[in-house]
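Descriptive analysis of the structure
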Amino acid sequence: MLQEPTRYRGFTESICGQVFDSAVDFEGIPKGFAQALTKNRKLQSVIQKSIEKYLQVSYDHTTKYYLKSSAAFHNNFVDAPSLFLYSRSDPVGTAEGNEKVMANLRRLGRQVYAHAFDDSPHVSHMHRHPDQYLQLLEAFLERLPALAAPVSVLDRRHVEPMAAVESRGQQKAGVRN
């Protein structure tokens with residue numbers, strides 16, 4: 001999409017909002033991943049150095065693509081409001097990393113909303129703080145101008161289990177179990 005922006009303009013312009021939950025940038029991977037795997041400092045050091053060496057050795061096959069992806073993340077070409085949900089205690093999707101991306105997006109003139117949880121492990125905000133998480137998500141969605149009707153993600157009584165939805169879809173298609 002970056003290489004052919006006119007080709008994908010219709011798609012990117014149709015995006016009315018972006019939600020980043022525990023976003024991880026390239027620079028946080030070696031140290032954060034090692035810290036997430038173990039509390040043993042010596043083992044963390046070995047894991048971190050192993051990942052760094054892998055990224056160095058595989059630069060042409062992997063690392064250069066991670067770096068391009070990181071640059072695209074920091075210079076997000078989608079001109080839509082963003083919501084960042086992250087944690088001050090996440091060693092992988094660090095608060096510093098998320099705040100750096102948010103600052104870059106604000107410099108680009110993007111609307112950025114954010115909430116930092118104090119005590120959620122990586123990608124566990126919804127699990128640890130379900131009501132607050134859903135309230136933040138709903139408030140963000142209601143700010144998006146492209147959504148004409150109010151959005152409710154809080155009333156989970158109306159959400160069908162995925163198995164029921166899949167079963168109904170199979171029945172319509174004439175598929176029998």
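Described in the following lines is the structure provided in the data block. (Residues numbered from 1 in each chain as written. Predicted model: local features only at pLDDT ≥ 70, side-chain atom pairs only at ≥ 80, totals over all residues. Heavy atoms only, no water.)

Quick look at the pairing of strand β1 (residues 18-21)
To be explicit about the condition: Relative accessibility under 20% of the residue-type maximum defines a buried residue, over 50% an exposed one, and the middle range a partly exposed one, all with a 1.4 Å probe and only protein chains included. Helix and strand definitions follow DSSP, with helices as H or I runs of at least four residues and strands as E runs of at least two, each counted in order from the N terminus. By the convention used here, strands pair only if DSSP detects at least 2 bridges between them.
Here β1 shows one buried face, formed by Gln18 and Phe20, and one open face, formed by Val19 and Asp21. Both β1 and strand β2 (residues 82-87) contribute to a ladder of 4 bridges, which runs parallel. Of the residues in β2, the one forming a bridge with Gln18 is Ser82.

Observations concerning the pattern of salt bridges
We apply this condition: Just to be clear on terms, a salt bridge is a Lys or Arg side-chain nitrogen sitting within 4 Å of an Asp or Glu carboxyl oxygen.
Inspection of every chain in the model, using the stated rule, returns 5 salt bridges. In this structure, Glu13 engages Arg9 in a salt bridge whose closest nitrogen and oxygen atoms are separated by 3.7 Å. In this pair, Glu13 and Arg9 both sit in helix α1 (residues 5-14), 4 residues apart, roughly one turn of the helix. Under the relative-accessibility criterion, Glu13 is labelled exposed at 58%. Residue class for Arg9 comes out partly exposed when judged on its relative accessible area of 41%. For Glu27, the salt bridge goes to Lys100, with nearest N and O atoms at 3.4 Å. Of this pair, Glu27 sits in the loop between β1 and α2 (29-37) while Lys100 is found in helix α5 (residues 95-107), placing the two residues 73 residues apart along the sequence.

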